[in-house]
Amino acid sequence: MTSSTETRPSPLRRLRGMSLEAIGFAVVGASGVVVNFGLFWLLNHVLGLAPLRSNVGATVVAIASNYLGYRYWLYRDRDAASRKREITLFLLFSGIGMAIETGIMEFTQHVLGLGTSLELMGGKVLGLVIATVFRFVSYRTWVFKAMPELEDPEVVAEAELLLAAEDEKSGVAS
């Protein structure tokens, strides 16, 4: 029997893993910001749609592109047993994040009375930062849940051998 310290990652290793996860989260999120602003500009300035419609369309596409980035790149090793549940929670937490951003910007303008472009941008940035932290915690905790860790490395090795044998039998290349 092995001790739990041999099979569980150290706190430093978990922190390093979370740092890499946060960097990946930022990369996917930044790509979503580019999609959002680029599509907004295209819809509004090139196709002539109203700003609100352009914003809604751009935001929906950015949320979809972020989901694909999170599911198939950043959290590809996470449990995907129920896609309907995962997508529902992703959309729910994305909507809450959007409400946080908008609420803080509205608070900046209507409660604090800060209405210049720079002040509103500051409110939007603050809202984006708070909403991003909320999304990161929500997505990693409830949407893209980690697979349960097995305590016994021998069981993991045996399971991997069984999977490899099954792949060979079905002709899947690894």
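Residues numbered from 1 in each chain as written. Predicted model: local features only at pLDDT ≥ 70, side-chain atom pairs only at ≥ 80, totals over all residues. Heavy atoms only, no water.

**Student:** Please clarify how helix α4 (residues 83-111) should be interpreted in this entry.
**Tutor:** Residue pairs spaced three or four apart in an α-helix point in one direction, given the helix's 3.6 residues per turn. If you check α4, its first and last C-alpha atoms are 40 Å apart, about what 29 residues at 1.5 Å a residue would give, namely 42 Å. The set of residues buried in α4 consists of Glu 86, Leu 89, Phe 90, Phe 93, Ser 94, Gly 97, Glu 101, Ile 104 and Thr 108. (Helix = DSSP H or I, 4+ residues; strand = E, 2+ residues; numbered from the N terminus. Expected span 1.5 Å × (residues − 1). Buried < 20%, exposed > 50% of the residue type's maximum accessible area, 1.4 Å probe, protein only.)

**Student:** Please clarify how the environment of Asp 79 should be interpreted in this entry.
**Tutor:** Here Asp 79 lies in the loop between α3 (51-74) and α4. The exposure class of Asp 79 is partly exposed, given its relative accessible area of 29%. On a C-alpha basis, the gap between Asp 79 and Val 143 in space is 9.3 Å, while along the polypeptide they are 64 residues apart.

**Student:** Please clarify how the environment of Gly 115 should be interpreted in this entry.
**Tutor:** The residue Gly 115 is located in the loop between α4 and α5 (117-143) in this model. Here Gly 115 falls in the partly exposed class, since its relative accessible area comes to 46%. The spatial distance from the C-alpha of Gly 115 to the C-alpha of Met 105 is 9.8 Å, given a sequence separation of 10 residues.

**Student:** Just to check I follow, could you spell out the packing of aromatic side chains for this structure?
**Tutor:** Two measures describe an aromatic ring pair: the distance that separates the ring centres and the angle between the ring planes. Enumeration according to the criterion identifies 15 aromatic pairs in this entry. On the numbers, 6.3 Å between centres and 45 degrees between planes, the contact of Tyr 70 with Tyr 75 is tilted. The exposure classification of Tyr 70 matches that of Tyr 75, with both residues buried. The structure contains a cluster of three or more aromatic residues connected by ring pairs, namely Phe 25, Tyr 67, Tyr 70, Tyr 75, Phe 90, Phe 136, Tyr 139 and Phe 144. (Phe/Tyr/Trp six-rings, centres within 6.5 Å; stacked < 30°, edge-to-face > 60°.)

**Student:** How should I be thinking about the nonpolar core in this particular structure?
**Tutor:** Nonpolar side chains in soluble globular proteins generally cluster together in the buried interior. If you look at the biggest cluster of nonpolar residues, it comprises 14 residues, and the most contacted ones within it are Phe 25, Tyr 70, Tyr 75, Phe 90, Tyr 139, Val 143 and Phe 144. Counting residues per element, the ones that place at least two in this core are α2 (11-46), α3, α4 and α5. No other element matches the 4 residues that α3 contributes to this core. (Core = buried A, V, L, I, M, F, W, Y, C linked by side-chain atoms within 4.5 Å.)

**Student:** What exactly am I supposed to notice about the confidence of the model for the protein here?
**Tutor:** In low-pLDDT regions, the fine details of the predicted coordinates are not to be read closely. Scored by pLDDT, the protein comes out at a mean of 79, with 78% of its residues at no less than 70. Confidence over residues 1-6 falls short of pLDDT 50; this stretch has 4 contacts with residues more than four positions distant or in other chains. (pLDDT = per-residue confidence, 0-100. Contact = heavy atoms within 4.5 Å.)

**Student:** I tried to follow the pattern of salt bridges on my own but got confused; where do I start?
**Tutor:** Opposite charge on two side chains allows them to pair when their charged atoms are near. Here the structure, examined in full by the defined rule, presents 4 salt bridges. Ionic contacts of the salt-bridge type, sharing partners, join the residues Arg 71, Arg 83 and Glu 86 into one network. (Salt bridge = Lys/Arg side-chain N within 4 Å of Asp/Glu carboxyl O.)

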